[in-house]
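Summary of structural features
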Amino acid sequence: MSPAIPEVSLTLEATGRRYVLAEGQSWAIGRGDGCAVMLDSRSVSRLHALIQRKDGGAYSLVDLGSRNGSFVNSRRVTIPQVLNDDDHLKIGDQELVFHNHRLSEPVHPAALTDTRNAPTQSIHSNAVVTILVVDIRDYTQLARTISEDLLSQTIGTWFLRAGQSAQRLGSWGQKYIGDAVMAVWVHDDPGRLQADVIRVFRAVCEIEAATSEISRTLPLPGPLRIGAGVNSGVAVIGGVDHTAMGDTVNVAFRLEASTKTIGMGIVIGERTFRAIGVPGPFTPRQVELKGYDAPVQAFAATFERLRDFVSPQTANTLPL
């Protein structure tokens with residue numbers, strides 16, 4: 001009697017080795033010890049990519065800012081890519097095949113995405129956007145003090161929860177960069193700008209709550225902490241790769257970095273502040289941004305005060 005074929009797995013084409021994806025919600029791919037899919041190649045980063053299983057049963061490939069990239073069916077992965085049975089993956093120079101015998105028909109990415117906030121253009125264009133950047137504090141030190149297996153589980157779970165929150169609250173696209181997540185909201189309707197920004201803040205609060213939960217449930221040496229930068233303005237976006245480029249994006253990353261020096265959880269740009277129409281929990285700060293000649297006006301808050309601000313009771317009283 002032939003052995004049962006695993007329902008979900010990866011097969012390394014060069015050797016035929018099969019990696020079964022059975023227990024858990026995420027599986028790290030890389031050449032580092034502890035990766036569920038460990039690939040012996042210098043072209044593969046130590047923590048290269050993740051396979052994530054979502055609540056609905058779909059599986060996605062997430063590139064973790066790897067040096068040589070991750071590809072599905074010869075297309076580079078820049079956002080989480082939904083996988084179908086017999087998809088061909090390339091991780092560095094290693095080729096694998098994804099098997100999911102549970103699938104009776106292909107999973108279309110649109111079926112897993114909230115398109116309320118999606119722009120109509122599929123080519124690069126200018127758009128008014130809000131950029132959220134969330135970064136794990138002291139990640140380098142964390143990586144040096146825990147096993148790669150635990151590190152993979154931690155970052156994989158955090159990416160999964162952060163991406164789910166951003167997508168559910170209307171983000172047009174998310175990118176995963178090292179130990180940070182960048183999410184983009186596109187404001188097609190100027191009349192919804194305030195409501196969209198409030199949704200961004202709610203995503204921040206959900207991500208911060210998920211970070212605390214991960215700290216409680218995993219055997220980490222100390223609590224995970226995050227910082228968040230939010231900036232609104234015009235950016236160049238691409239509907240195919242869900243990318244955003246320009247000074248608005250650069251400033252969002254610099255605002256997140258400034259949370260470390262001013263000791264606050266979230267720092268937002270002036271246009272984002274104007275969009276909410278009230279001071280709310282934010283206090284003005286002059287912040288130095290790396291690469292910029294002069295300090296800029298920004299606004300900072302703690303996560304505790306932000307949670308109070310976006311509670312349904314408070315948000316319903318905001319002026320429109």
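Residues numbered from 1 in each chain as written. Predicted model: local features only at pLDDT ≥ 70, side-chain atom pairs only at ≥ 80, totals over all residues. Heavy atoms only, no water.

When you go through the chain residue by residue, the secondary structure sums to seven helices and 19 strands. The buried share of the chain, reckoned over its 320 residues, is 52%. Within the chain, residue pairs in contact and separated by at least 24 positions form 61% of the contacts whose partners lie at least 6 positions apart. On the chain, roughly 15100 Å² of surface is accessible, and the fraction owed to carbon and sulfur atoms is 50%. (Helix = DSSP H or I, 4+ residues; strand = E, 2+ residues; numbered from the N terminus. Buried < 20%, exposed > 50% of the residue type's maximum accessible area, 1.4 Å probe, protein only. Contact = heavy atoms within 4.5 Å. Areas by Shrake-Rupley, 256 points an atom, 1.4 Å probe, with all protein chains shown as cover.)

Turning our attention to the environment of leucine 21. Relative to the assigned elements, leucine 21 resides in the loop between strand 2 (18-20) and strand 3 (26-30). In this structure leucine 21 comes out as buried when scored by relative accessible area, which is 2%. Sequence separation between leucine 21 and valine 37 is 16 residues; the distance between their C-alpha atoms is 9.4 Å.

The next point concerns the packing of aromatic side chains. Tallied over the full model, the rule gives five aromatic pairs. Centroid distance tryptophan 158 to phenylalanine 159: 5.8 Å. Interplanar angle 45°. Geometry classified as tilted. Grouping residues by exposure puts tryptophan 158 and phenylalanine 159 together as buried. When the centroid spacing of 3.7 Å and the interplanar angle of 5° are considered together, the rings of phenylalanine 273 and phenylalanine 299 count as stacked. (Phe/Tyr/Trp six-rings, centres within 6.5 Å; stacked < 30°, edge-to-face > 60°.)

Right, let's talk about the sheet that holds strand 6 (residues 59-63) for a bit. Pairing within the open sheet is mixed, and its five strands lie in the order 4-3-5-6-9. Each edge of the open sheet is held by one strand with a lone partner, namely strand 4 (37-38) and strand 9 (81-82). Taken together, the four bridges between strand 3 and strand 5 (residues 49-53) define a ladder with antiparallel strand orientation. Bridge pairing in strand 5 places isoleucine 29 opposite alanine 49. (Pairing = 2+ DSSP bridges.)

Now for the pattern of salt bridges. Evaluation of the coordinates by the stated rule reveals six salt bridges. The partner of arginine 168 in a salt bridge is glutamate 206, with the nearest N and O atoms 2.0 Å apart. One end of the pair, arginine 168, is in helix 2 (residues 148-168); the other, glutamate 206, is in helix 3 (residues 193-217), and 38 residues separate them in sequence. (Salt bridge = Lys/Arg side-chain N within 4 Å of Asp/Glu carboxyl O.)

Moving on, we get to helix 6 (residues 303-310). Of the positions making up helix 6, those classed as buried are Phe303, Leu306, Phe309 and Val310. The arc that holds the buried residues of helix 6, viewed along the axis, is 115°, so those residues lie on one side. (Arc of directions from axis to C-beta.)

Nonpolar side chains in soluble globular proteins generally cluster together in the buried interior. Leu132, Trp158, Phe201, Ile266 and Phe282 are the most contacted members of the largest nonpolar core, which totals 50 residues. If one sorts the elements of this core by residue count, helix 3 sits on top with nine residues. Leaving out residues up to four positions away in the same chain, isoleucine 266 has contacts with Phe201, Val204, Ala228, Val230, Thr259, Phe282, Phe299, Ala300, Ala301, Phe303 and Leu306. One finds Val37, Leu39, Leu61 and Leu96 within the second-largest nonpolar core, a separate group that totals 21 residues. (Core = buried A, V, L, I, M, F, W, Y, C linked by side-chain atoms within 4.5 Å.)

With that out of the way, let us pick up the environment of aspartate 138. Within the secondary structure, aspartate 138 sits in the loop between strand 12 (125-136) and helix 1 (139-145). By relative accessible area, aspartate 138 is classed as exposed at 53%. The spacing of aspartate 138 and arginine 225 is 87 residues in sequence and 8.1 Å in space, taken between C-alpha atoms.

A separate point is the packing of helix 3 against helix 6. It is at 10 Å that the axes of helix 3 and helix 6 come closest, and there the two elements cross at 130°. Classed by the angle they form, the pair helix 3 and helix 6 counts as oblique. Classified by chirality, the crossing of helix 6 by helix 3 is left-handed. Here helix 3 contributes Ile198, Phe201, Arg202, Val204, Cys205 and Glu208 to the contact with helix 6, which in turn contributes Phe303, Leu306, Arg307, Phe309 and Val310. Looking at the contact of helix 3 with helix 6 residue by residue, the classes come out as eight nonpolar, no polar and three charged. (Axes fitted to C-alpha atoms, helices over the stretch in contact; angles between N-to-C directions. Parallel < 35°, antiparallel > 145°, perpendicular 65-115°, else oblique. Left-handed = near helix turned anticlockwise from the far one by under 90°. Nonpolar A, V, L, I, M, F, W, Y, C, P; charged D, E, K, R; others polar.)

In spatial order, the strands read 2-1-11-10-7-8; together these six strands make up an open sheet with antiparallel pairing. Each edge of the open sheet carries a strand with a single partner, namely strand 2 and strand 8 (75-76).

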